[in-house]
Amino acid sequence: MTQIQTRLELSGAPGSPYTRKMIAVLRYRQIPYRVFWGTNGVPPNYPAPKVRLLPTFFFPDGEDGELVPVTDSTPIIRRLESEHQARSVIPTDPTLQFFNELIEDYADEWLTKAMFHFRWAHEADWKNAAPLLVYWNTNTAPPEQAAQFADHFAKRQIDRLYVVGSNDITAQTIEESYERLVGILDTLIARKGFVLGARPSSADFALYGQLTQLAWVEPTSAAMTARVSQRVRAWIDIMDDLSGLEPAEDDWFSEAEAKEALGPLLAEIGRTYAPAMIANAQAIMAGEDSFETEIDGRAWTQPVFKYQAKCLGWLREAHGALSGNERGAVNDVLSGSGCETLFE
């Protein structure tokens, strides 16, 4: 069936950080769109993706313009960059572009562990989230049915905490890393308003997506966010719709500004995300089903995640694609942060 699109179409859920990430990108970039909330909102004649992930974009990529379902926020953002020129979320400077990719991946692949942990490891949080997830998908569900679905879904997700590495031993590691991040973002945002200067990057939107859940939905991490930084809490609200912001090319950090500003954030990334990504990739290369490592002085174990090994590979490709001078500048900033181990 041929489709004529005058605006982008996607399906998503308010409880999906990646849905929030992408809708905020579309708003900022002033790209017309419409969103189908929940699986029940997607038109019945629309194709389903091979793996049901949110958000799912429907691009007219098929024969005669037939819709093709596409998932994975990071490559979708890069596709939109090629199709819509104005209001880019990717820095033009190659070194800053590299840091943007690293921070975006950290948010997507490490910070999501904190989101999943806080949502399902604490009773107050899962009792809050489970009914919301039901009603976000079907807001006409009868109370008794919604409660039954919520209990079933909560049990399933609690039983899956081990998949992201959340357990009694790692809980402190995850929660302290999130608290540190909020403090780091407070100082970083205070400089010029965003992570890489006075305009938002895809790294900002990736962080924002996870924080919409951690600071808006989950009671435990929301209280922590407000206690550590009301600035960050307010920043999340502002990030939600930046359609009125008018960016300029010189709004990005200069190389010198980036070196000074990004140190604490890169040190946090090197402290947590880097050892997890390296151990995961090594275990996959060795044919193992799980990996063990040490993060922030505590044992960490979880099943391997093949997609994250691909993410590490893409980051290494981006690092290798830099010119000699650019790579030298990047390595100078990374030195001593722990992130340099990702590229050794």
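What comes next concerns the included structure. Model, not experiment: these values are computed from the prediction. Numbers given to residues run from 1 along each chain, matching the order in which its sequence is written. With pLDDT at 70 or above as the cut-off, local features in this predicted model cover only qualifying residues; side-chain atom pairs require 80 or more to be listed or tallied, and sums for whole chains, interfaces and linings still use all residues. For the side-chain quantities, the full set of heavy atoms in the structure was used; hydrogens and water were omitted.

A few words on the environment of Ala-198. Put simply, DSSP marks the helices as runs of H or I at least four residues long and the strands as runs of E at least two long, and each gets a number from the N terminus on. As for its position among the elements, Ala-198 is in the loop between α6 (171-192) and α7 (202-216). The spatial distance from the C-alpha of Ala-198 to the C-alpha of Arg-327 is 24 Å, given a sequence separation of 129 residues. For this analysis, residues touch if any pair of their heavy atoms sits within 4.5 Å. If sequence neighbours within four positions are ignored, Ala-198 has contacts with Lys-192 and Asp-251.

As a further point, take the sheet that holds strand β3 (residues 56-59). If you trace the four strands from one edge of the open sheet to the other, you get β2-β1-β3-β4, paired in mixed fashion. At either margin of the open sheet sits one strand with a lone partner, and together these are β2 (33-37) and β4 (68-70). Within this sheet the neighbouring strands show an average axis-to-axis angle of 25°, counted without direction. For two strands to be treated as a pair, DSSP must find at least two bridges joining them. With three bridges joining them, β3 and β4 adopt antiparallel strand pairing. Residue pairing for β4: Phe-57 is matched across the bridge by Val-70. Structural elements are reduced to axes, namely lines fitted to C-alpha atoms, with helices fitted over the stretch in contact, and the angle between N-to-C directions of any two is expressed from 0 to 180 degrees. Of the strands in this sheet, β1 (8-12), β2 and β3 touch helix α1 (residues 17-29), which is tilted by about 160° from β2.

It is worth spelling out the packing of aromatic side chains at this point. The rule is short: rings of Phe, Tyr and Trp, with Trp giving its six-membered ring, pair when the centres are within 6.5 Å, and they are stacked under 30 degrees, edge-to-face over 60, tilted in between. Here the structure, examined in full by the defined rule, presents 14 aromatic pairs. Ring geometry for Tyr-28 and Phe-205: centres 5.9 Å apart, planes at 40°, overall tilted. Taken as a pair, Tyr-28 in helix α1 and Phe-205 in helix α7 lie far apart in primary sequence, 177 residues in all. For the pair formed by Tyr-28 and Phe-205, the shared burial category is buried. Taking 5.2 Å as the distance between ring centres and 80° as the angle between the ring planes, the aromatic pair formed by Tyr-46 and Phe-58 counts as edge-to-face. With Tyr-46 in the loop between β2 and β3 and Phe-58 in strand β3, this residue pair connects regions lying 12 residues apart in the sequence. Of the two residues, Tyr-46 and Phe-58, neither departs from the other in class, the shared state being buried. Following the ring pairs from residue to residue traces out a cluster consisting of Phe-36, Tyr-46 and Phe-58. Between the NZ or CZ atom of Arg-79 and the centre of the ring of Phe-59, over which it lies, the distance is 3.7 Å. The ring of Tyr-28 has Arg-87 sitting right over it, with the charged end atom 4.7 Å from the ring centre. Exposure is judged per residue with a 1.4 Å probe applied to protein chains only, and the accessible area is read against the type maximum: over 50% gives exposed, under 20% gives buried, and values in between give partly exposed. For a lysine, the NZ atom is tested; for an arginine, the CZ atom; a charge sits over a ring if that atom is within 6 Å of the ring centre and within 35 degrees of the ring normal.

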